[in-house]
Amino acid sequence: PSFFEQVQGAPADVIFALTSSYKADTDAQKVNLGVGAYRTEEGKPWVLPVVKKADHIIVEDDNLDHEYLPILGLEPFRKAAVKLILGANSKAITEGRAGAAQCISGTGAVYTGAHFLSKHYPVKGAACYISKPTWANHRAIFEGVGMQVLEYPYWDPATKGLDLKGMLGTMQSAPNGSIFLIHPCAHNPTGVDPTNDQWRQIADTMEAKGHFPFFDCAYQGFASGSLDKDAYSVRYFVERGFEMFIAQSFSKNFGLYSERAGNLTVVARSVEVKNKIESQIAKAQRAVISNPPAYGSRIVSLVLNNETLYGEWEQNLSTMANRIIDMRKVLYDELVKLGTPGTWNHIVDQIGMFSFTGLTAPQVKVLKEKYHVYLTDNGRISMAGLNSKNVKYFAQAVDFVVR
Ligand code: PMP
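Cut-off values and rules
Residues numbered from 1 in each chain as written. Predicted model: local features only at pLDDT ≥ 70, side-chain atom pairs only at ≥ 80, totals over all residues. Helix = DSSP H or I, 4+ residues; strand = E, 2+ residues; numbered from the N terminus. Rg over C-alpha atoms; globule rule 2.2 N^0.38 Å. Buried ≥ 20, exposed ≤ 12 C-beta atoms within 10 Å, placed from the backbone. pLDDT = per-residue confidence, 0-100. Pairing = 2+ DSSP bridges. Axes fitted to C-alpha atoms, helices over the stretch in contact; angles between N-to-C directions. Contact = placed C-beta atoms within 7 Å. Expected span 1.5 Å × (residues − 1). Left-handed = near helix turned anticlockwise from the far one by under 90°. Nonpolar A, V, L, I, M, F, W, Y, C, P; charged D, E, K, R; others polar. Core = buried A, V, L, I, M, F, W, Y, C linked by C-beta atoms within 7 Å. Parallel < 35°, antiparallel > 145°, perpendicular 65-115°, else oblique. UniProt positions renumbered as here; feature names shortened; annotations may be inferred. Near = placed C-beta within 6 Å.

Novice: Help me get a handle on the overall build of the protein, residues and values and all.
Specialist: In terms of helices and strands, the protein carries 16 helices and 13 strands. Taken against the 2.2 N^0.38 rule, which gives 22 Å for 403 residues, the C-alpha radius of gyration of the protein at 21 Å falls within 12% of a compact globule. Dimensions of the protein, computed from the C-alpha atoms along their principal axes, are close to 60 × 60 × 55 Å. Residue burial in the protein is summarised as follows: out of 403 residues, 45% are buried.

Here is the structure:
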């Protein structure tokens with residue numbers, strides 16, 4: 001017998017299983033609105049032109065080798081990532097209180113931060129609060145490092161917007177010094193972000209309760225098309241004097257999904273504390289991955305540290321963000337034209353890769369079985385999967401299932 005006869009099989013990942021079903025579907029009209037990856041108007045993956053350029057520069061650079069990177073990663077990448085999220089003039093940078101660790105993309109950055117907190121967070125038994133709903137990996141990661149995970153209200157099904165009252169209520173009733181996992185922009189899966197005034201109220205409450213903000217930033221620049229606008233909440237919290245972690249992913253905004261380029265930015269109260277945190281993260285990182293991968297971080301570093309390439313990147317970001325924003329408008333117009341029952345303005349009000357449509361699990365089932373449209377059971381659609389060739393078809397399918 002095997003050592004492992006007693007092992008229970010684990011369920012397949014929902015998103016990746018959805019992609020497999022989509023691939024196996026032979027219907028010509030099939031539409032994949034599951035996975036959060038950008039698609040062009042032709043429904044194809046997009047290698048950003050600026051990434052292609054950086055690629056060529058790297059390939060032709062005879063001075064590059066395949067030696068190990070330092071444990072905390074490529075220095076110019078880390079510096080540039082911190083500057084990107086905090087802003088070049090951030091007081092956390094000028095005061096030397098901002099640290100960084102290159103990680104295995106956004107997932108690795110969340111893990112690295114969570115792992116550090118599980119070992120060193122000073123409030124005994126503190127729980128990590130995640131939004132309801134959130135990216136499924138948040139719970140998996142924090143539970144994986146042995147922390148208790150609780151939820152704060154976020155989505156209000158009645159308004160199809162933010163449940164600010166519920167969110168602030170939970171922040172108020174949570175024990176002092178709790179950890180709050182926050183999406184700074186383009187909330188996944190709802191596409192609902194707080195307004196600037198709501199961020200102020202969230203910061204007021206978190207400050208009064210001494211909570212620790214852990215931002216998970218997977219869509220900077222990809223949401224609105226503006227890198228600064230999408231970083232507003234993080235910079236506002238820094239301005240208010242919070243210590244915090246920020247997980248950064250370059251999967252979406254650079255289209256570098258498989259290259260696993262990410263960073264954990266650490267904003268500490270002092271240079272000394274920052275250095276201690278970095279040293280502990282380095283020690284932990286050594287035992288998990290030894291050193292982060294070079295390729296993706298070299299591309300990101302080249303672009304972020306070169307004015308011309310940076311400008312081209314901003315244009316590429318606008319291309320992606322604007323196509324998605326356009327698709328929201330087209331989908332909304334189609335639904336209104338069809339007189340589809342219900343209100344649909346949330347489709348255009350929401351931001352980023354995803355829209356939380358309000359479609360129910362039974363409706364999603366019909367979409368899949370009758371229309372070959374693939375989306376998660378919670379009614380989330382990846383806007384990037386829509387284009388001018390399939391958006392009408394999708395609107396008609398939605399119209400059918402809600403009637
Ligand atoms: N956080 C959120 C909220 C996300 O949506 C994603 C991407 N799906 C990530 C983190 C990290 O993705 P990656 O590891 O590919 O950077």
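Novice: Outline the confidence of the model for the protein, listing residues and values.
Specialist: Looking at the protein, the pLDDT average stands at 97 and 100% of residues meet or exceed 70. In the predicted complex, the global pTM is 0.97; the interface-specific ipTM is 0.99.

Novice: Describe the sheet that holds strand 9 (residues 244–249), with residues and values.
Specialist: Here we have seven strands laid out as an open sheet, ordered 2-10-9-8-7-3-4, and mixed in their pairing. The open sheet terminates on both sides in strands that have one partner only, identified here as strand 2 (98–104) and strand 4 (149–153). Ignoring which end each strand starts from, the neighbouring axes of this sheet average 25° apart. In terms of strand pairing, strand 2 meets strand 10 (residues 261–267) through seven bridges, oriented antiparallel. Across the sheet, the residue bridging to isoleucine 104 is alanine 261, located in strand 10. Most of the contacts of helix 7 (residues 164–173) go to strand 4, to which it runs at about 140°, and overall it touches strand 3 (128–132), strand 4 and strand 7 (179–182).

Novice: Talk me through helix 2 (residues 49–60); I want residue IDs and the actual numbers.
Specialist: Here helix 2 is twelve residues long and its end C-alpha atoms lie 17 Å apart, about the 16 Å a rise of 1.5 Å per residue gives. Along its buried surface, helix 2 packs onto helix 12 (295–304) and helix 13 (307–338).

Novice: I'd love a proper account of the packing of helix 5 (residues 105–120) against helix 6 (residues 136–144), names of residues and values included.
Specialist: Contact geometry for helix 5 and helix 6: axes closest at 9 Å, N-to-C directions at 35°. When you trace helix 5 past helix 6, the crossing you get is right-handed. Counting all contacts with helix 5, which are made through Thr107, Val110, Tyr111 and Ala114, the residues of helix 6 involved are Asn137, Ile141 and Phe142. Tallied by class, residues from the contact of helix 5 with helix 6 come to five nonpolar, two polar and no charged.

Novice: Please provide a residue-by-residue account of the environment of glycine 241, values included.
Specialist: In this fold, glycine 241 is placed in the loop between helix 10 (232–239) and strand 9. C-alpha separation for the pair glycine 241 and glutamate 207, spaced 34 residues apart in sequence, amounts to 9.2 Å.

Novice: Lay out the environment of lysine 389 in plain terms, naming residues and giving numbers.
Specialist: Counting through the fold element by element, lysine 389 comes out in the loop between strand 13 (380–382) and helix 16 (391–402). A tally of 12 C-beta atoms within 10 Å means that lysine 389 is categorised as exposed. For the pair lysine 389 and isoleucine 202, spaced 187 residues apart in the sequence, the C-alpha separation amounts to 41 Å.

Novice: Any chance you could break down the nonpolar core for me, citing the residues and the numbers?
Specialist: Proteins that are soluble and globular tend to have nonpolar side chains buried together. Counting residues in hydrophobic clusters, the biggest one holds 111 residues, and the most contacted among them are Ile85, Ile179, Phe214 and Val234. At eight residues, helix 13 tops the list of elements feeding residues into this core. Beyond its immediate sequence surroundings of up to four residues, valine 234 is in contact with Ile85, Leu86, Pro184, Phe215, Cys217 and Ile246.

Novice: Can you explain helix 3 (residues 75–86)? Please cite residues and give values.
Specialist: Between its first and last C-alpha, helix 3 extends 17 Å over twelve residues, near the 16 Å set by a 1.5 Å rise per residue. Residues Phe77, Arg78, Ala80, Ala81, Val82, Leu84, Ile85 and Leu86 constitute the buried set of helix 3. Directly after helix 3, the chain includes glycine 87, whose backbone phi takes a positive value near 90°.

Novice: Could you give an account of the packing of helix 2 against helix 12, with specific residues and numbers?
Specialist: Packed helix pairs are specified by the crossing angle of their axes together with the interaxial distance, meaning the distance between the axes. Closest axis-to-axis distance for the helix 2/helix 12 pair is 9 Å, and the angle between their directions is 105°. With respect to each other, helix 2 and helix 12 are oriented roughly perpendicular. Two secondary-structure elements touch here, helix 2 through Val50, Val51, Ala54, Asp55, Ile57 and Ile58 and helix 12 through Arg298, Ile299, Leu302 and Val303. Taken together, the residues of the contact of helix 2 with helix 12 break down into eight nonpolar, no polar and two charged.

Novice: Requested: an account of the UniProt feature "domain: Aminotransferase class I/classII large" (unreviewed entry) in the protein, with residues and values cited.
Specialist: Here, the residues flagged by UniProt with the feature "domain: Aminotransferase class I/classII large" (unreviewed entry) are residues 29–398. In residues 29–398, the share of helix is 47% and the share of strand is 15%. The end C-alpha atoms are 14 Å apart.

Novice: Tell me what's going on with the site of the ligand, and back it up with residues and numbers.
Specialist: If you check the shell around the ligand, you find 13 residues, and the closest are Ser105, Gly106, Thr107, Ser249 and Ser251. Element by element, the count of residues in the shell around the ligand is highest for helix 5, at three residues. Looking at side-chain class alone, the shell around the ligand contains three nonpolar, nine polar and one charged residues.

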